[in-house]
Amino acid sequence: MNAFKFSPYLVFYFLCAIFYSTQLHAQNGDQILDGIGETGLIARYVLDDNIKDWSRNNLHGTLKGSEYSFVEDPVFDKVLNLKATSLTYITLPAAVLNDIESLSISGWIYLNSEVQNAEFFNFGKDTTTQFFVALSETKNENGLVTRLTKNSKVIAETKIEALPVKKWQHITVVIDFPAQTMHTYINGELAKTAGDLKFNLDEIFGENPKITIGKSLDGKLHDFRIYRIPLSENQINTIYNNSLKGEEGVVNERKELEDDLPQFPKDTPQLYNQFLTGVFDVTVTTLVGQLPRLPRYVNGAYKKGINGPQVRVLWPAPTDNASVLKTGTYEVTGNVPGTSFKPKATVTVTTASTQNTPERKLETFDLSAVSLNADSKGHSSKFIENRDKFINTLVDTNPDAFLYMFRNAFGQPQPEGAEPLGVWDSQETKLRGHATGHYLTAIAQAYASTSYNVTLQKAFAEKIDYMVNTLYELSQRSGKPKTAGGSFVSEPTAVPVAAGKTGYDSDLSEAGIRNDYWNWGIGFISAYPPDQFIMLEHGAKYGTENTKIWAPYYTLHKILAGLMDVYEVTGNEKALEIAKGMGDWVHARLGQVPTETLISMWNTYIAGEFGGMNEAMARLSRITNEPRFLETAKLFDNIDMFYGDAQHSHGLAKNVDTFRGLHANQHIPQIVGALEMYRDSNAPEYFKVADNFWYKTKNDYMYSIGGVAGARNPANAECFVSQPATLYENGLSSGGQNETCGTYNMLKLTRNLFLYDQRPEYMDYYEQGLYNQILASVAEDSPANTYHIPLRPGSQKHFGNADMKGFTCCNGTALESSTKLQNSIYFKNESNTALYVNLYIPSTLDWKERNITIKQVTTFPKEDHTLLTVNGKGKFDLNVRVPGWATGGFIVKINGKIQKIKAMPGTYISINRTWKNGDTVELTMPFQFHLDPVMDQQNIASLFYGPVLLAAQEDAPRKDWRKIVLKANNLGETILGNPEHLEFTIDGVNFKPFYETYGRHSVYLDVALE
């Protein structure tokens, strides 16, 4: 791995893969800033010749006054120099302090002279409530003072000797909110600590804080950074030393995890494992070349009187398939956490002439065929509440905001009153346009779902037409002369460098953006010129410099998916024409790229993130019946992950875990695309890729809310942990975890897999992720939603984008998730002779092909039963899901009469009959408490009641896990509460559904069984 020489222009790469002793393949461009994950960084100001934020968050500063200059410096090349006046300083946007819990501020300072009242920085409401560092001599004190005040009362303070003059000094201040401490570091070493504090940062900063840097300072500044996490002493020392060495830090230099969770002795009881007396061995058969799928849960024997669950076994996770390259038998030894048991799996390797993979057996219903209803007590369900938050805000959005950067890219005038979006769609952001794709999908889904309100539906229809007409008009300009007889370049592979430039670049500033659309090749459409696509082919990495890029194919996937969603919902032919045009542009460009280059591109961190372009192109091929688009989809194969290497030696297709340590949501959509390609090509390896990935991800990387990312090792909250089944050892990142759009994509994959293979575990997972992350990701009173959801003790969700004016990736997928909440309640088979009821949500299905409606009446999950009423008649199979958590029984009544049906948890039961108008089916599934433990430290577990995750309601942050004691044979014996409201107490602490938790929470608990 290369060490990069430091330059103030070198922004940074962020790591999500490292070379481990297990020979884990690293992604290209796999660096992070000084060993600290991207998601921990709020903003970075290099201060070399501007006040731009060089993180991806676009929180650019402003220089006030005129007594400043950018000067040459022998240590840091070029830095900002301020003269001692209170009228010249830097201001930062208030959004810097949005959604923070802890705070770390670091930067370099050089004092030209001692000046009274000089400030390194000052964050706060006003002069009485603030957080600041004052430098050199002040009116009343001599030295460097770090102080946190509220209403003029000092909450925290450290004082150290004054900084020397004419010498660079590195200052870092860390406010660790969970620990209630404040630390001041000088030159990488701890200088002073204030502890045992009582404060809340929200009270200090308020809703619109004033943030200044360098007020009254006579000196120079360099590399001012703000983090949302409490930096460790090692991290601070690394920042300091790497700057002096003139290089950015690579992850391989990091000596420790991002931070440490509480450690437990080896003899700590781990739930039911403490009662084990034996664990049974297993036998497994596999094919030559295919690693066996080893059962994650096996049968165990418990002490007399203990009725324990199946036992979680941790098996070795090979990085290749060398053990199964020939027929024969071999053994694999696993371990059971907290015990000395070593169960064995005897694996028999056989040959087979063909690989059997399933055909697609089920079909979905259009969104317009399923409506969400009030519950049986006339109240809006959580699904309706969340849907309405989004629908009612979405209908008031201005389409011109989502078209702004497209018009800007094509040099077209903006309509009067049009204002651009912010965050990742602002002027100079290289991902701009991504939210427009989400928006197209969302308004199409909203249109399909709002037949209950004609006015709403008409408004969405108008937005759809306006969006498509504008994008169509712009797309028709690409690769065609601006004026009759003018020059132009129609061939996508011949796009020239912009006039006046020496090479392709990603400059999107008002002054630097190219608008020569006539040179971009026919069919091109995006919110930025084609340079980023071309630069990726030439090896560009992720970053904010004009020589770097940010996932051009990711943005394009969102746009194409949105256009096809519009087409399939409304039949708008222009939407399809735009998609076809851009599909042809991609086909032409990628068709000339060598396989080796494609492998490198798709393994480049973030820059090569292509979302679900393989899915989009395969889908476009199916819609248009044009084989060239399916061929283009194959060019997006992530060969290293899918097949191990260019020779297809192993990889996911052969059940090898090739995604450990990688960026989760960069890769989940690729798997969704593999399954779509299986649908259109019938190539069995694509199904194997998707099926194997789902099994590994769900069983080895999933948190209890359904999310699958959040690593401390590698130090990136958006990555899978470095080794499977090590969430405690390597997961639970302090920067958050469970990127919400990752779960959006996992649910999409799960739903699609179920259409091929009706394994009940798919819908068990779907329910878990839907209730406990997707529903739980939305704010109480608005459509603001989460990016990451933290699961550490005493954490708090943070919501953003309530006004839909500035989107991250998760804000975009939230638009989609909350406008299609009804899409997986019911499925049908292709011949319309069978119906599947997957989820228990108050709703009505209009099964048009059978002239039948099914109405589901329930308050589930606030009651344990649901009533299905058939309106219409005819013979069909009714398949209803028996949830895996339904261990207390499953009772079926038809027209009020109990049926003798054996219903096992984690199955579907099929009711075969000729249905009459008015027939009813009542399903009762008594809820039980159960635990979902972390696989490698099982005393750390989440508590569920039926499908609902219960979170402890906390009133303060915590450094330790909340301890509870439950009865081993009856978890609910000591739990008090009201099941109808899903509110419970344990030892006086309130627990309620995570999807109704908006304050501090503990999702994971330290559970002891007795």
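Each chain has its residues counted from 1, running along the sequence as written. For this predicted model, a pLDDT threshold of at least 70 governs which residues receive local features, and a threshold of 80 or more governs which side-chain atom pairs are given and counted, while totals over whole chains, interfaces and linings are taken from all residues. Calculation of side-chain values draws on the structure's entire complement of heavy atoms; hydrogens and water are dropped beforehand.

1. Re the pairing of strand S48 (residues 1005-1009)
Right, on to step 1. Classification of residues uses two cut-offs on accessible area relative to the type maximum, computed with a 1.4 Å probe and protein chains only: under 20% is buried, over 50% is exposed, and between them is partly exposed. Helix and strand labels come from DSSP, where a helix needs a run of H or I of at least four residues and a strand needs a run of E of at least two; each type is numbered from the N terminus. S48 sits mainly inside the fold: 4 of its 5 residues count as buried.
Right, on to step 2. Any two strands with at least two DSSP-identified bridges between them are counted as paired. In terms of strand pairing, strand S43 (residues 963-966) meets S48 through 4 bridges, oriented parallel. Each residue of the ladder has a partner; that of Lys963, found in S48, is Asp1006.

2. With respect to the environment of Arg312
Right, on to step 1. Among the structural elements, Arg312 can be located in strand S20 (residues 311-312).
Right, on to step 2. For Arg312, a relative accessible area of 5% gives the class buried.
Right, on to step 3. Once the C-alpha coordinates of Arg312 and His663 are considered, the two residues, 351 residues apart in sequence, prove to be 26 Å apart.
Right, on to step 4. Contact partners of Arg312, with chain neighbours within four places excluded, come to Arg296, Tyr297, Asn335, Val336, Pro337, Asn699, Asp700, Ala725, Met935 and Gln938.
Right, on to step 5. Residues adjacent in sequence count toward polar contacts only when both atoms are side-chain atoms; beyond that, a polar contact is any pair of N or O atoms within 3.5 Å, and within protein one must be able to donate a hydrogen and the other to accept it. Looking at Arg312, its side chain comes within polar contact range of the main-chain oxygen of Asn699, at 2.8 Å. In this description, contact between two residues means that some pair of their heavy atoms is separated by no more than 4.5 Å.

3. Some remarks on the confidence of the model for the protein chain
Right, on to step 1. Known as pLDDT, the predictor's per-residue confidence is scaled from 0 to 100. Across the protein chain, pLDDT averages 92, with 95% of residues at or above 70.
Right, on to step 2. Low confidence marks residues 1-26, where pLDDT is under 50. Its contacts with residues over four positions away, or in another chain, come to 102 contacts.

4. Remarks on helix H9 (residues 573-590)
Every α-helical turn comprises 3.6 residues, leaving residues that sit three or four positions apart pointing alike.
Right, on to step 1. The span one expects for a helix is its residue count, reduced by one, times 1.5 Å. Given a rise of 1.5 Å per residue, 18 residues ought to cover 26 Å, and the 26 Å separating the end C-alpha atoms of H9 matches this to within 8%.
Right, on to step 2. Residues of H9 that are buried make contact with helix H6 (454-475), helix H7 (531-537), helix H8 (552-570), helix H10 (595-602), helix H11 (613-624) and helix H12 (627-634).
Right, on to step 3. A distance of 3.0 Å separates the backbone nitrogen of Lys574 from a side-chain oxygen at the start of H9, and that oxygen is part of Asn572.

5. So, the packing of aromatic side chains
Right, on to step 1. Pairing of aromatic side chains requires ring centres within 6.5 Å, counting the rings of Phe and Tyr and the six-membered ring of Trp. Pairs whose planes differ by under 30 degrees are stacked, by over 60 edge-to-face, and all others tilted. Applying the stated rule across the entire model yields 63 aromatic pairs.
Right, on to step 2. Between the aromatic rings of Tyr678 and Tyr756, the centroid separation amounts to 5.4 Å while the plane-to-plane angle is 55°, which identifies the pairing as tilted. Placement of Tyr678 in helix H14 (residues 664-681) and of Tyr756 in helix H17 (residues 740-756) is noted, with a sequence separation of 78 residues between them.
Right, on to step 3. Owing to a relative accessible area of 4%, Tyr678 belongs among the buried residues under this scheme.
Right, on to step 4. Ring centres of Tyr771 and Tyr995 lie 6.4 Å apart, and the angle between their planes is 45°; on these two criteria the pair is classed as tilted. Of this pair, Tyr771 sits in helix H18 (residues 760-774) while Tyr995 sits in the loop between strand S46 (989-993) and strand S47 (1000-1002), and the two are 224 residues apart along the sequence.
Right, on to step 5. For Tyr771, a relative accessible area of 1% gives the class buried.
Right, on to step 6. The structure contains a cluster of three or more aromatic residues connected by ring pairs, namely Phe410, Tyr517, Trp518, Trp520, Phe524, Tyr528, Phe533, Tyr553, Trp585, Trp602, Phe610 and Phe636.
Right, on to step 7. Here, over-ring charges are defined by two tests on the NZ atom of lysine or the CZ atom of arginine: distance to the ring centre within 6 Å, and angle to the ring normal within 35 degrees. Note that Arg293 overlies the ring of Tyr695, its terminal NZ or CZ placed 4.4 Å from the centroid.
Right, on to step 8. Above the ring of Tyr297, the side-chain terminus of Arg312 is found at 5.6 Å from the ring centroid.

6. Topic: the pattern of salt bridges
Right, on to step 1. Salt bridges are defined by distance alone: a side-chain nitrogen of Lys or Arg within 4 Å of a carboxyl oxygen of Asp or Glu. Counted according to the given criterion, the structure contains 51 salt bridges.
Right, on to step 2. The partner of Asp34 in a salt bridge is Arg225, and the shortest N-O contact between them spans 2.8 Å. You can see Asp34 sitting in the segment before strand S1 (41-45) and its partner Arg225 sitting in strand S15 (residues 219-227), a full 191 residues away along the chain. In terms of burial, Asp34 and Arg225 fall into one category: buried.
Right, on to step 3. Note that Glu537 and Arg589 form a salt bridge whose closest N and O atoms lie 2.8 Å from each other.

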